[in-house]
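Chains, contacts and geometry: an overview
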Amino acid sequence: MGLGVRWTLHGDGRTPEPGAVVRPDERLSWPRTAGLGAQHVVAMFGASFVSPVLMGLDPNLAIMMSGVATILFLLATRGRIPSYLGCSLSFVGVAAVIRAQGGDSTAVTGAIFVVGGVLFLSGMAVRRFGARIIHAAMPPVVTGAVVMLIGFNLAPVTASTYWPQDQWTALLTMLFTGLAVVCLRGFWSRVAIFLGLVFGYALSWVLDRVFGKIHSVNGGPEAVDHWRLDFSGVGKADWIGLPSLHAPSFGWSAALVALPVVIALIAENAGHVKAVGEMTGDNLDDQLGTAISADGAATMLSTAVGGPANTTYSENIGVMAATRVYSTAAYWAAAVFALLFGICPKFGAVVAAIPGGVLGGITVILYGMIGLLGAQIWVHNKVDLRNPLNLVPVAAGIIIGIGGVSLKISKNFELNGIALGTIVVLTGYHALRFLAPAHLKEQEPLLDEGTSGYDSVAEREKAGRDDEGHTPRT
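One numbering rule holds for all chains: residues counted from 1, following each sequence as written. The model is predicted, so local features are restricted to residues of pLDDT at least 70 and side-chain atom pairs to those at 80 or more, both for listing and for counting; the totals for chains, interfaces and linings are taken over all residues. Here the side-chain values reflect all heavy atoms present in the structure, with hydrogen atoms and water set aside.

1. Quick word on the overall build of the protein chain
Note the following rule: Secondary structure elements are defined from DSSP: runs of H or I of at least 4 residues count as helices, runs of E of at least 2 residues count as strands, and each element is numbered from the N terminus. For each residue, the accessible area found with a 1.4 Å probe, counting protein chains only, is set against the maximum for its type, and the residue is called buried under 20%, exposed over 50%, and partly exposed in between. For this analysis, residues touch if any pair of their heavy atoms sits within 4.5 Å. Calculation of accessible area relied on Shrake-Rupley with a 1.4 Å probe; when residues are assessed, cover is drawn exclusively from the protein chains displayed.
The secondary structure content of the protein chain amounts to 21 helices and eight strands. The buried share among the 474 residues of the protein chain stands at 55%. The long-range fraction of contacts in the protein chain, counting pairs at least 24 apart against all pairs at least 6 apart in sequence, stands at 79%. Of the roughly 19700 Å² that the protein chain leaves accessible, carbon and sulfur atoms contribute 65%.

This is the structure:
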């Protein structure tokens, strides 16, 4: 078997015929393929550079490692699953909790490295036992609850860290981003988060010119006078240079905080593979385990040098749906562009200069969308929350996770937040299911072999949603 790096030219290499698609093993002319690769980079840009900034990691390294992760994924799946692996937002809450407990960037990347290892082993288990193992261990009621508490657990980060830095810029950025998500169509809707960042940048520059410095908190406890948009670091940064690297450090408490995200990543990969299979007309069920393992391996590689986790990106599925070009050659081009961005420190300095108020407006929508994706999983899979078997563990786990309830195990170890909430949902559901009377367990499995039961690509495009049922992640 090949590595999926040989493509046949589609037609004349210019434009696909009406109704035709460019398959993963085909390509357009190389200039057009490079252009599509650049479009994929733009699509993943918003989330991929917001994610490391929110986690306190190097955005240059994050972008560079996303290119490396994409190449690894394409090689592992032998070019059968066109996909870009961008920086995952699922770990933003994890990073906030670890830092609040006194951890630094090495502790954050160490915890995510452990998650990558578990994700890799989960993929190997799926390859060995089949996709049904996912449904057996993590039915939709559990998956939806964990995704929900991961998103909503981030609310205090926005409310206490970003929004207070410039509340009016945050409010206007939020309104603009919301309008972009709802009112724009096609590709522009899918990069609405990126457009919101650009708007916030421009607005902050105008407000600085008109009103001067603002008096507010700026990453510290005390309010100070400061510019909304500070480009001092951009002028000092080099045009070419390698990003800073660091090795991870490991601790049980940090790893337990991060482990629940495995559930979200497995669900995300399953939905991605299902959606790509529907779009290309290929049955990719046999590739699900490989895709999950490749994602885990890519995350381990990234965090081993100080980068964030990587995951399959729904934004790029939107680009494929709009262009009907599924060529993996375009993703190779995108990966090369990402590598080039990664060795430009000046680019990283521009990213690091994003004003806190802008992040406040963006994250209000972004974190809410992540949380509500959990509810979307319930809706699509017809989870009956009137059934106490579903309702009780979900209700308890979500309140524990979002409210920050703690369980002190010993003097130096306690469970709280996301970790404790996930344990309650997962173990609570299976324990109650074992003990529940038969009439509460009569509902048949709703997922097809544990992949996903999302609506069709045509319905998603008509409704303006991506493969996970929401307008763009980022």
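Moving on from the coordinates now.
2. A look at the nonpolar core
The nonpolar side chains of soluble globular proteins are, as a tendency, buried together. What counts is decided by this rule: Nonpolar core, defined: a set of buried Ala, Val, Leu, Ile, Met, Phe, Trp, Tyr and Cys residues in which side-chain atoms within 4.5 Å join the residues together.
With 102 residues, the main nonpolar core has Leu54, Phe91, Ile98, Leu288, Ile354, Tyr367 and Trp378 as its most contacted residues. The dominant element in this core, judged by the number of residues it contributes, is helix α13 (residues 261–280), at eleven residues. Setting aside residues up to four positions removed in sequence, Tyr367 forms contacts with Leu54, Val92, Gly151, Leu154, Val157, Thr158 and Tyr162. The next biggest cluster of nonpolar side chains, apart from the first, holds five residues, and it includes Val22, Leu36, Val325 and Ala330.

3. Focus on the side chain of Asn60
Locating Asn60 in the fold gives a position in helix α2 (residues 59–76). When residues no more than four places from it in sequence are discounted, the contact partners of Asn60 are Pro243, Phe341, Gly342, Ile343, Cys344, Pro345, Phe347, Gly348 and Ala349.

4. Observations concerning the environment of Ser105
Within the element layout of this structure, Ser105 appears in helix α4 (residues 105–129). Its relative accessible area of 18% is what places Ser105 among the buried residues. Residues Ser105 and Met55, spaced 50 residues apart in sequence, show a C-alpha to C-alpha distance of 8.3 Å. Sequence-distant contacts of Ser105, defined by excluding residues within four places in its chain, comprise Gly56, Leu57, Arg99 and His246.

5. So, helix α3 (residues 92–100)
All of the buried residues in α3 are Val92, Gly93, Val94, Ala95, Val97 and Ile98. Gly102 occupies a position one or two residues after α3 and carries a positive phi of about 100 degrees.

6. Examining the environment of Ala375
Within the fold, Ala375 resides in helix α18 (residues 356–380). For the pair Ala375 and Gly144, spaced 231 residues apart in sequence, the C-alpha separation works out to 6.0 Å.

7. Focus on the confidence of the model for the protein chain
Put simply, the rule reads: pLDDT runs from 0 to 100 and stands for how confident the predictor is about each residue.
Overall, the predicted model of the protein chain reaches an average pLDDT of 80, with 87% of residues at or above 70. Here residues 444–474 scores under 50 on pLDDT; set against residues more than four positions off or in separate chains, the count is 93 contacts.

8. Looking at a nonpolar patch on the surface
Rule in force here: Patch membership requires over 30% relative accessible area and the absence of a salt bridge. Like charges are linked within 9 Å, and nonpolar side chains (Val, Leu, Ile, Met, Phe, Trp, Tyr) within 5 Å. Every case where a carboxyl oxygen of Asp or Glu lies within 4 Å of a side-chain nitrogen of Lys or Arg is listed as a salt bridge.
Together, Trp205, Val206, Val210 and Phe211 make up a nonpolar patch on the protein surface, roughly 440 Å² of accessible area in all. When you line up the elements, Val206 lands in helix α10 (residues 192–211). On the accessibility criterion, Val206 (39% relative accessible area) is partly exposed.

9. Some details on the packing of helix α8 (residues 167–183) against α18
Operational definition: The axes are straight lines fitted to the C-alpha atoms, using for helices just the contacting stretch, and the angles between their N-to-C directions are given from 0 to 180°. Relative orientations are named as follows: roughly parallel for angles under 35 degrees, roughly antiparallel for angles over 145 degrees, roughly perpendicular for angles from 65 to 115 degrees, and oblique for any other angle. Working rule for handedness: look at the near helix, and if it is turned counterclockwise from the far one by less than a right angle, call the crossing left-handed; if clockwise, right-handed. Here the term charged refers only to Asp, Glu, Lys and Arg, the term nonpolar to Ala, Val, Leu, Ile, Met, Phe, Trp, Tyr, Cys and Pro, and the term polar to all other amino acids, Gly among them.
At a minimum axis separation of 7 Å, α8 and α18 run at an interaxial angle of 45 degrees. Compared by their axis directions, α8 and α18 come out oblique. Regarding α8 and α18, the two cross each other, and that crossing is right-handed. Contact residues: Thr169, Ala170, Thr173, Met174, Thr177 and Gly178 in α8; Gly357, Val358, Gly360, Gly361, Ile362, Val364 and Ile365 in α18. By residue class, the composition of the contact of α8 with α18 is six nonpolar, seven polar and no charged.

10. Quick word on the packing of aromatic side chains
What counts here: Any pair of Phe, Tyr and Trp rings, taking the six-membered ring for Trp, is counted once the centres come within 6.5 Å. Such a pair is stacked with planes under 30 degrees apart, edge-to-face with planes over 60 apart, and tilted for the rest. Geometrically, a lysine NZ or arginine CZ counts as sitting over a ring once it is within 6 Å of the ring centre and also within 35 degrees of the ring normal.
Throughout the structure, instances matching the rule amount to four aromatic pairs. Aromatic side chains Phe113 and Phe250 sit 5.7 Å apart centroid to centroid with 70 degrees between the ring planes, which places their arrangement in the edge-to-face category. Taken together, the residues span a long stretch of sequence, with Phe113 in helix α4 and Phe250 in the loop between α11 (232–236) and α12 (252–258) at a distance of 137 residues. For Phe113, a relative accessible area of 23% gives the class partly exposed. Assessed through its relative accessible area of 54%, Phe250 is described here as exposed. Positioned over the ring face of Trp227 is Arg209, at 5.7 Å from the centre of the ring. Over the aromatic face of Trp239 sits the side chain of Lys346, whose NZ or CZ is 5.1 Å from the ring centroid.

11. Points about the packing of helix α6 (residues 140–152) against helix α19 (residues 388–403)
Between two packed helices, both the angle of their axes relative to each other and the distance between the axes serve to describe the pair. Axis separation between α6 and α19 bottoms out at 9 Å; the angle between their running directions is 20 degrees. Here α6 lies roughly parallel to α19, going by the angle between them. Note on packing geometry: the crossing formed by α6 with α19 is right-handed. On the side of α6, the interface is formed by Val141, Ala145, Met148, Leu149 and Phe152, while α19 contributes Asn390, Val394, Gly397, Ile398 and Ile402. Partitioned by chemical class, the residues of the contact of α6 with α19 number eight nonpolar, two polar and no charged.

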